[in-house]
Amino acid sequence: MIPLWAIIVICVAYLGILFGVAYYGDKKSITKSIINSPLVYALSLTTYCTAWTFYGSVGKAATEGISFLATYLGPLLLCPLWIILFKKIIRICRREKISSISDFIATRYGKDKFLGNLVTIMILLFIIPYISIQLRAISGSFNILIDYPTQASIYNETAFIVAIIMSVFIILFGTRNPRSQERNEGMVSVITFEAIFKLIAFLVIGIYVTYYIFDGFGDIFSQAAEKDMLASINNIQKSLDGGYWDWFMLIILSFLVFMLLPRQFHLIALENKNEKHVEKASWIFPLYLFAITLFVIPIAIGGKLYFGDTTFNADSFILHFPLEKGNNLLATLVFLGGFAAATGMIIVETFAISTMLSNNILIPLLVNYLKVFPTSKVQKAILFCRRISIPIVLLSAYIYMIVIGENYPMVEVGLISFVGIVQLAPSFFGGIFWKRANRTGTIAGLSIGFMIWFYTLLFPTLIRSGIMGDISILSEGPFGLNILKPYALLGLENLNKITHGFFWSITANIFMYIMGSLFTIPKGIEIQQANKFIDAKIDINDNRFRNRYKEVFFYQLYELVITFLGSETANSAIDHYYNKYQKKYLNNDIVDIHFVDYMENVLSDYIGNISARIAISKLLNEEPLDRKELLEILEETKEAITHSKKLTIKSDELERAQKTLLKANEKLKEIDHLKDEFILTISHELRTPITSIRLLSEMLYFEPELYSEKKEVFLKTIMQESERLSNLIDDTLLQEKLELGKLTWEFDHVSIAELITNTIETVAPMAKEANIKINTVVLDKTIVVYADKVHLERVLINILMNAIKFHDPEKDKNYIHISSKIEQDSITICIEDNGVGIAKENLKKIFNIFVQIQNEKQKIKPKGSGLGLSIAKKIIQRHKGIIEVDSEVDQYSRFFITLPLNADDEIT
Amino acid sequence: MMKSPKKILIVDDEPSIVLALENILLAKDYEVQKAYDGKEGLKVAQLFHPDLILLDIMMPFIDGFEFSSFIRKNKSLENTKIIFISAKGELTDKKYGYSKGCDDYIIKPFSTEKIISKVTFILNQ
């Protein structure tokens with residue numbers, strides 16, 4: 001037991017520190033912001049971890065095992081999307097002067113007052129119970145601390161006092177600046193401080209339980225294993241009544257509420273200092289979650305082992321441990337950790353929803369009845385609206401706690417709030433990704449979602465606490481209609497009540513949202529706003545959807561703005577406009593609509609979007625476009641889109657055509673290049689024989705006294721070189737004709753046996769001179785191929801001549817062996833010689849144009865055009881045949897020519 | 001006293017060119033050696049220490065450019081002059097030829113007179 005006065009002193013001291021931190025943060029913001037860092041941004045987002053998680057996760061882990069992780073897994077799954085999602089939202093909020101999540105939705109669907117009111121009221125209903133459980137956590141832990149272990153007295157005053165102090169705090173540090181776009185540095189500093197504080201407190205108690213009371217993780221788990229407790233901890237399915245479905249639902253739920261809870265939205269989008277912080281925060285945040293959940297399971301199991309079956313609520317295990325051990329200092333630290341978690345949440349949540357209350361309900365009301373107030377009082381009235389909203393919210397939460405909340409477990413209240421908040425998901429996410437989504441769809445979706453939420457989740461709690469209805473409705477349905485039982489709508493029985501309510505409300509919500517948006521026509525301003533939200537990067541100014549308006553004189557607009565902002569702020573805004581756009585108005589000038597929009601934006605910053613819209617709309621005497629006009633514009637837009645689509649298709653076609661042309665051009669260039677190369681090589685090949693012919697004949701002419709043997713050698717060389725020249729010219733022309741497809745072919749049935757005989761006769765004299773013997777295997781004369789006899793003969797002669805040319809003079813017996821092999825539909829002629837052979841690396845390129853293979857033994861450049869085999873290959877290909885080569889240096893060379901049989905049609 | 005004849009090495013893989021050049025130069029009383037490819041040419045050059053090399057560019061194994069680089073690196077051959085015999089294609093950029101260390105070049109086809117005047121001129125420098 002700790003004396004009451006001591007705890008009060010500690011609490012006051014702690015709150016004193018909070019005020020100090022806030023004051024310091026605010027003061028520093030004038031010179032150098034202390035919250036301008038990704039770390040602070042990430043830590044501020046951990047306001048997600050409230051007292052509910054601080055105490056509740058141990059409680060949940062003790063009863064339901066690792067399923068407590070679901071509420072952390074949701075936000076974790078969201079982290080990878082932060083960069084896309086958060087940045088887009090931050091950008092929209094900054095440009096559209098959004099002040100809260102309800103303002104976000106109302107502004108997206110046409111700056112609509114009704115929608116603003118609807119969403120705000122819904123959120124108040126969802127969130128006030130949620131704030132109340134935080135108050136309850138504070139007073140609950142306070143009671144435990146004071147009255148341990150009897151817990152007899154109940155000090156609800158604690159909660160009341162906390163509510164009052166928090167109100168003062170938020171008024172001091174949240175409403176100091178009238179602009180919604182100004183960051184509340186003091187408040188964020190406090191949140192960050194509390195984020196660190198609660199983490200430290202939880203880690204300290206975690207280490208205390210695990211390593212002081214027990215002997216480390218291993219000890220706890222082995223003790224638990226002895227008592228068969230592990231199974232229930234590790235098994236998700238067993239631990240929840242709806243099994244995996246409930247677990248899955250919880251993850252989805254926490255995934256969505258992480259962005260949609262008013263405080264989270266506020267911290268994510270409105271208190272962000274720099275878009276770039278999102279990237280780093282997206283991995284710092286998960287680390288924090290990991291740290292704060294590390295000791296949950298050990299404490300939960302430890303508590304069950306240590307306290308056994310006592311009546312202690314598992315939620316407060318972390319307080320019971322140090323109290324039981326008489327460690328009051330540690331107990332106080334834990335208490336303050338929970339206090340930090342609760343107050344952090346209370347501060348931001350209250351601030352966020354009181355801003356909604358004032359911006360979406362109270363101030364618009366005031367603007368509507370502006371004439372009631374004397375002009376000089378308007379600014380004060382606005383400030384009053386802002387301030388009074390805060391105690392209204394907190395006291396409502398306190399009253400809820402006293403009247404209703406006491407009867408229900410924290411977890412149930414919290415989850416009911418969550419399911420409520422999730423109703424915003426369709427209109428929120430649809431609003432930034434789906435252009436067609438409109439106000440009617442949003443109102444329809446939200447209303448049906450809200451009604452089902454009320455009927456399946458809130459209504460039963462009211463029945464059970466005896467406030468409304470008869471208990472039989474729960475078991476038998478209203479008027480005995482089973483199908484309408486609140487916990488088993490349309491006979492859906494197997495889910496737990498939260499999953500059940502979530503399923504039906506969100507399904508109906510999405511359905512109505514989509515249907516409503518698809519089948520109704522939006523107002524002009526909705527279309528304008530949709531464009532601004534979805535194309536968040538581009539600044540669109542589409543005036544076609546604007547309401548009809550009367551022209552306004554500058555002084556009228558000026559007077560209006562001064563009423564809300566005072567002359568100093570108004571003048572500085574006008575100066576800013578002048579600096580930016582170089583346009584200045586005199587009192588009796590009619591103002592441009594661009595200037596009106598600018599002033600509306602400025603007003604939004606101070607009194608919220610909806611109020612600014614109301615005020616400006618009144619001034620301009622606006623009249624919305626009628627249905628017909630709107631349809632016409634939409635039709636035009638549609639046509640424009642179709643037109644631009646057609647243009648896109650055309651330009652695609654053009655691009656494709658261009659690509660084809662480019663390719664063709666590339667090919668032409670390549671061919672051109674080959675042509676150049678060809679000419680260059682040919683001219684090179686021509687130059688050499690011409691040179692030697694010239695030099696030798698000059699010598700014969702100028703030196704008549706040459707020996708006759710020399711004369712003979714010279715003349716013989718001249719003859720050879722001349723022949724080389726004419727062969728070269730022949731081959732070149734042939735090659736050229738083949739290349740261009742201009743060669744004339746005379747196909748007929750040619751007997752292979754005859755062909756070979758003819759060829760041998762042609763080369764026989766040369767073979768004899770080189771002392772080479774040519775053998776053939778006698779072939780059946782009736783075997784014919786469909787071929788051009790002359791060209792095919794040329795191929796064979798070329799190969800035989802090569803064989804003769806490259807014979808090995810050092811060998812005793814030189815031979816050329818011609819054989820053939822008939823297969824089912826082809827014949828292969830093999831020409832083998834035992835000449836010098838062809839090196840492996842040359843085998844592949846031997847059929848290329850202008851390749852002349854050198855052989856070391858002869859040392860002399862082979863005489864030939866370098867075109868022979870390349871021509872041979874082309875001729876064989878024309879016959880649908882294949883020519884191949886195989887060789888071993890110094891051993892043999894084998895050329896294979898394979899020609900198809902009975903392929904007349906194919907060849908012609 | 002008669003001066004000892006100038007020594008000329010012909011390196012070309014075209015036998016007909018070698019035959020022609022050899023006879024032209026012998027008729028002018030030069031001492032002539034011949035080689036049919038770069039490898040052989042280098043061996044001969046080191047033994048023979050020619051005053052001038054008539055060098056074909058497009059040859060197998062070692063082409064004329066490489067050949068002349070080898071010669072230029074060899075101290076004992078620093079006074080050897082080189083004339084490239086080009087079939088034009090490989091000498092589109094004359095500077096390149098000079099950078100490879102030739103003293104002059106001649107493009108095929110050429111006359112007897114032209115080759116003699118070039119050789120005489122280079123050797124009398």
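Residues numbered from 1 in each chain as written. Chains lettered and ligands numbered in written order. Predicted model: local features only at pLDDT ≥ 70, side-chain atom pairs only at ≥ 80, totals over all residues. Heavy atoms only, no water.

Another aspect to go through is the overall build of chain A. For chain A, the helix and strand inventory stands at 35 helices and seven strands. In chain A, which comprises 908 residues, the proportion classed as buried is 54%. Nonlocal contacts in chain A, meaning residues at least 24 apart in sequence, comprise 79% of its contacts between residues at least 6 apart. In the structure as shown, chain A presents an accessible area of about 42,300 Å², 60% of it carried by carbon and sulfur atoms. (Helix = DSSP H or I, 4+ residues; strand = E, 2+ residues; numbered from the N terminus. Buried < 20%, exposed > 50% of the residue type's maximum accessible area, 1.4 Å probe, protein only. Contact = heavy atoms within 4.5 Å. Areas by Shrake-Rupley, 256 points an atom, 1.4 Å probe, with all protein chains shown as cover.)

Between chain B and chain A, the contact holds 27 residues from the first and 23 residues from the second. Summed over both sides, the interface of chain B with chain A buries roughly 2,300 Å², with 67% coming from carbon and sulfur. Taken as a group, Glu14(B), Asn23(B) and Pro109(B) account for 20% of the area that chain B buries against chain A, more than any other trio of residues on that side. In this assembly, chain B and chain A are joined by one salt bridge. In this structure, the salt-bridge partner of Arg724(A) is Glu14(B), at a minimum N-O distance of 2.9 Å. Looking at the side of chain B that touches chain A, the elements that each hand over two or more residues are helix H1 (15-27) and helix H2 (38-48) of chain B. Classifying every residue of the side of chain B that touches chain A gives 14 nonpolar, five polar and eight charged. (Buried area = accessible area lost by both parts, 1.4 Å probe. Salt bridge = Lys/Arg side-chain N within 4 Å of Asp/Glu carboxyl O. Nonpolar A, V, L, I, M, F, W, Y, C, P; charged D, E, K, R; others polar.)

Residue Pro109(B) is bonded to the preceding Lys108(B) through a cis peptide linkage, with omega at -10°. Mapped onto the elements of the fold, Pro109(B) is located in the loop between strand E5 (104-107) and helix H5 (112-124). In the Ramachandran plot, Gln582(A) falls in the positive-phi region, its phi being about 55° despite a non-glycine side chain. With respect to the helices, strands and loops of the structure, Gln582(A) is situated in the loop between helix H26 (554-581) and helix H27 (593-607). What makes Gln582(A) exposed here is its relative accessible area of 56%. Residue Asn771(A) is not a glycine yet carries a positive backbone phi of 60°. Within the fold, Asn771(A) resides in the loop between helix H31 (752-769) and strand E2 (772-776). Asn771(A) sits in the exposed class, given a relative accessible area of 56%.

All names here are of chain A. Helix H9 (residues 185-213) packs onto helix H2 (residues 38-45) with a crossing angle of 75° between their chain directions and a minimal axis gap of 8 Å. Put simply, H2 runs roughly perpendicular to H9. Of H9, the residues touching H2 (which contributes Val 40, Leu 43 and Ser 44) are Val 188, Ile 191, Thr 192, Ala 195 and Ile 196. By residue class, the composition of the contact of H2 with H9 is six nonpolar, two polar and no charged. (Axes fitted to C-alpha atoms, helices over the stretch in contact; angles between N-to-C directions. Parallel < 35°, antiparallel > 145°, perpendicular 65-115°, else oblique.)

Residues and elements named next belong to chain A. Grouped together as the largest cluster of nonpolar side chains are 168 residues, with contacts concentrated most on Trp 82, Phe 86, Phe 104, Phe 265 and Ile 299. A total of 19 residues in this core trace back to one element, the largest contributor, which is helix H7 (residues 113-147). Sequence-distant contacts of Ile 299, that is, excluding residues within four places in its chain, are made with Val 58, Phe 202, Ile 205, Gly 206, Val 209, Phe 317, Ile 318 and Phe 321. The next biggest cluster of nonpolar side chains, apart from the first, holds 47 residues, and it includes Leu 734, Ile 772, Ile 827 and Leu 899. (Core = buried A, V, L, I, M, F, W, Y, C linked by side-chain atoms within 4.5 Å.)

Right, let's talk about the sheet that holds strand E1 (residues 7-11) of chain B for a bit. All names here are of chain B. Here five strands make up an open sheet; going across it, the order is E2-E1-E3-E4-E5 and the pairing parallel. Each having just a single partner strand, strand E2 (31-35) and E5 make up the two edges of the open sheet. Taking the axes of each pair of neighbouring strands and ignoring which way they run, one obtains an average angle of 20° across the sheet. (Pairing = 2+ DSSP bridges.)

All names here are of chain A. Summed over the entire model, instances satisfying the criterion amount to 20 salt bridges over all chains. Across the salt bridge formed by Arg 95 and Glu 96, the nearest N and O atoms sit 3.9 Å from each other. On the basis of relative accessibility, which here comes to 5%, the residue Glu 96 falls in the buried class. The salt bridge partner of Lys 97 is Asp 605, with a shortest N-O separation of 3.9 Å.

Glancing now at the side chain of Glu600(A). Residues and elements named next belong to chain A. Note on placement: Glu 600 falls in helix H27. What makes Glu 600 buried here is its relative accessible area of 5%. What Glu 600 contacts, discounting residues up to four positions off in sequence, is Lys 111, Ala 612, Arg 613 and Ile 616.

Right, let's get into empty space enclosed by the protein. Residues and elements named next belong to chain A. Counted under the stated rule, the structure contains six cavities of 30 Å³ or more. Here the second largest cavity is characterised by a volume of approximately 140 Å³. Lining the second largest cavity are 13 residues, with Trp 52, Thr 53, Ser 57, Lys 60 and Thr 71 sitting closest to its centre. When residues of the lining of the second largest cavity are traced back to their parent elements, those giving at least two are helix H3 (51-64) and helix H20 (410-422). Considering only residue class, the lining of the second largest cavity consists of seven nonpolar, five polar and one charged. (1 Å grid on protein atoms, 1.4 Å probe; cavity = no way out; pocket = protein on both sides within 12 Å on 5 of 7 lines; lining within 4 Å. Points joined across faces, edges and corners; volume = space filled by probe spheres on them.)

Further remarks concern the environment of Ile107(B). All names here are of chain B. For Ile 107, the location among the structural elements is in strand E5. Judged by its relative accessible area of 29%, Ile 107 is partly exposed. A sequence separation of 21 residues divides Ile 107 from Ser 86, and the C-alpha atoms of the two residues are 4.8 Å apart.

This paragraph deals with the sheet that holds strand E4 (residues 814-822) of chain A. All names here are of chain A. Sheet architecture is open: five strands sit in the order E2-E4-E5-E7-E6, paired in mixed fashion. Two strands bound the open sheet, and with one partner strand each, they are E2 and strand E6 (882-888). With direction set aside, neighbouring strand axes in the sheet form an average angle of 15°. By the bridge criterion, five bridges tie E2 to E4 in an arrangement that is parallel.

Residues and elements named next belong to chain B. On average, residues of chain B score 85 in pLDDT, and 88% of them reach the 70 mark or higher. Here helix H4 (residues 94-99) stands out as the least confident element of chain B, with mean pLDDT 65; E1 is the most confident, with 94. Listed scores for the predicted complex are pTM 0.63 and ipTM 0.92. (pLDDT = per-residue confidence, 0-100.)

What follows is about a nonpolar patch on the surface. A surface patch of nonpolar side chains, about 610 Å² in accessible area, is lined by Ile510(A), Phe511(A), Met512(A), Ile514(A), Met515(A), Leu518(A) and Phe519(A). Note on placement: Ile514(A) falls in helix H24 (residues 497-519). (Patch = residues over 30% accessible without salt bridge, like charges linked within 9 Å, V, L, I, M, F, W, Y side chains within 5 Å.)

Residue and element names in this part refer to chain A. This structure, assessed with the given rule, holds 51 aromatic pairs over all chains. Centroid distance Phe 126 to Trp 453: 4.6 Å. Interplanar angle 80°. Geometry classified as edge-to-face. Residue Phe 126 is found in helix H7, and its partner Trp 453 is found in helix H22 (residues 439-464); the two are separated by 327 residues along the sequence. Take Phe 126 and Trp 453: they sit in the same class, and that class is buried. (Phe/Tyr/Trp six-rings, centres within 6.5 Å; stacked < 30°, edge-to-face > 60°.)

This part is about the side chain of Ser102(A). All names here are of chain A. Among the secondary structure elements, Ser 102 is positioned in helix H6 (residues 101-108). On the basis of relative accessible area, Ser 102 is assigned to the buried category, the value being 0%. Within the structure, the side chain of Ser 102 is placed 3.3 Å from the side chain of Ser 100, a separation counted as a polar contact. Not counting the four nearest positions on each side in its chain, Ser 102 is found in contact with Val 119, Thr 120, Ile 123, Met 356 and Asn 360. (Polar contact = N/O pair within 3.5 Å; in protein donor to acceptor, adjacent residues only side chain to side chain.)

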